[in-house]
Amino acid sequence: KIMIRTDRLKGVAGWNKTTIGLSLLAAAFTAGYKTMDNFIVHNVIVPKGDGLTAALAYLVLGSWIGVLSGIIFALATGKKILDLDFHGIIFNDRRLWIWSAVCGAIAAVSTLFVLWGNQYGDPSAIIALTNCTILYVVVYELMTKRVNPRNVLVPSTLVVGGAIMS
């Protein structure tokens, strides 16, 4: 099992070993999919004249694979690793589905531009810039006073450091 739920880290409020472990696991998967995105866009689905069509083709294929693997992952590991109160995927909340569709559409457009840009620009620069988008959320949360600045200092520093390293 991957669960380590109880030991608190000293000095970092609200973080425990599970949080850091899942964050590192997410970072590893993110590095993997971004590497594969760049490889596929430059070597497998190569544009022959129209880069937008190639990016759209890869986006559609990646979307279907992402949805199916996401459902499998949620059902297989949701209760065991992430949330003990997970009882399956809920289909009865209409508002949840509407907002999920809106967020999914925005993410798809963002991914389309990243894939399209990867074909023509330097992938390392594009990846570094896309990593910084989380900072917009941090700034928004700070402006609306939803978070304490001390609570986002460490994660923001990690994001900026990761963007610099990529």
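None of these values were measured; they are calculated from a predicted model.

Peer 1: Describe the confidence of the model for the protein, listing the residues and the values that go with them.
Peer 2: Here the protein averages 76 in pLDDT, and 82% of its residues register 70 or above. Within the protein, no element has a lower average pLDDT than helix α4 (residues 123-131), which sits at 74, and none a higher one than helix α3 (residues 94-120), at 85.

Peer 1: Can you explain the nonpolar core? Please cite residues and give values.
Peer 2: The biggest cluster of nonpolar side chains holds seven residues, and these are Ile 40, Val 41, Ala 55, Tyr 58, Leu 59, Leu 112 and Leu 115. Where this core is concerned, the elements lending two or more residues are α1 (17-44), α2 (51-82) and α3. It is α2 that provides the largest number of residues to this core, a total of three residues. In this view, Leu 115 contacts Asp 37, Val 41, Ala 55, Tyr 58 and Leu 59; residues no more than four positions away in its chain are not counted.

Peer 1: Let's hear about the side chain of Glu 141: which residues, and what values?
Peer 2: Inspection of the secondary structure assignment puts Glu 141 in helix α5 (residues 133-143). Buried charged residue Glu 141 carries no salt bridge. Nearest counter-charge: Arg 146, at 4.2 Å. For Glu 141, the contacting residues outside a window of four places in its chain are Arg 146 and Val 147.

Peer 1: If you had to explain unusual backbone geometry to someone new, which residues and values would you point to?
Peer 2: Its identity as a non-glycine residue notwithstanding, Lys 145 has a phi of 60°, on the positive side. Secondary-structure assignment places Lys 145 in the loop between α5 and α6 (149-165).

Peer 1: Account for the packing of α3 against α4, with residues named and values stated.
Peer 2: Relative orientation and spacing of two packed helices are given, respectively, by the angle between their axes and the distance between those axes. Viewed as axis vectors pointing N to C, α3 and α4 meet at an angle of 155°, and their least axial separation amounts to 8 Å. Taken together, the axis directions place α3 and α4 in an arrangement best described as roughly antiparallel. Contacts from Val 114, Gly 117 and Asn 118 in α3 reach Pro 123, Ile 126 and Thr 130 in α4. Its residues assigned to classes, the contact of α3 with α4 comprises three nonpolar, three polar and no charged.

Thresholds, definitions, all that
- Residues numbered from 1 in each chain as written.
- Predicted model: local features only at pLDDT ≥ 70, side-chain atom pairs only at ≥ 80, totals over all residues.
- Heavy atoms only, no water.
- pLDDT = per-residue confidence, 0-100.
- Helix = DSSP H or I, 4+ residues; strand = E, 2+ residues; numbered from the N terminus.
- Core = buried A, V, L, I, M, F, W, Y, C linked by side-chain atoms within 4.5 Å.
- Buried < 20%, exposed > 50% of the residue type's maximum accessible area, 1.4 Å probe, protein only.
- Contact = heavy atoms within 4.5 Å.
- Lys, Arg positive; Asp, Glu negative; His and termini not counted.
- Salt bridge = Lys/Arg side-chain N within 4 Å of Asp/Glu carboxyl O.
- Axes fitted to C-alpha atoms, helices over the stretch in contact; angles between N-to-C directions.
- Parallel < 35°, antiparallel > 145°, perpendicular 65-115°, else oblique.
- Nonpolar A, V, L, I, M, F, W, Y, C, P; charged D, E, K, R; others polar.

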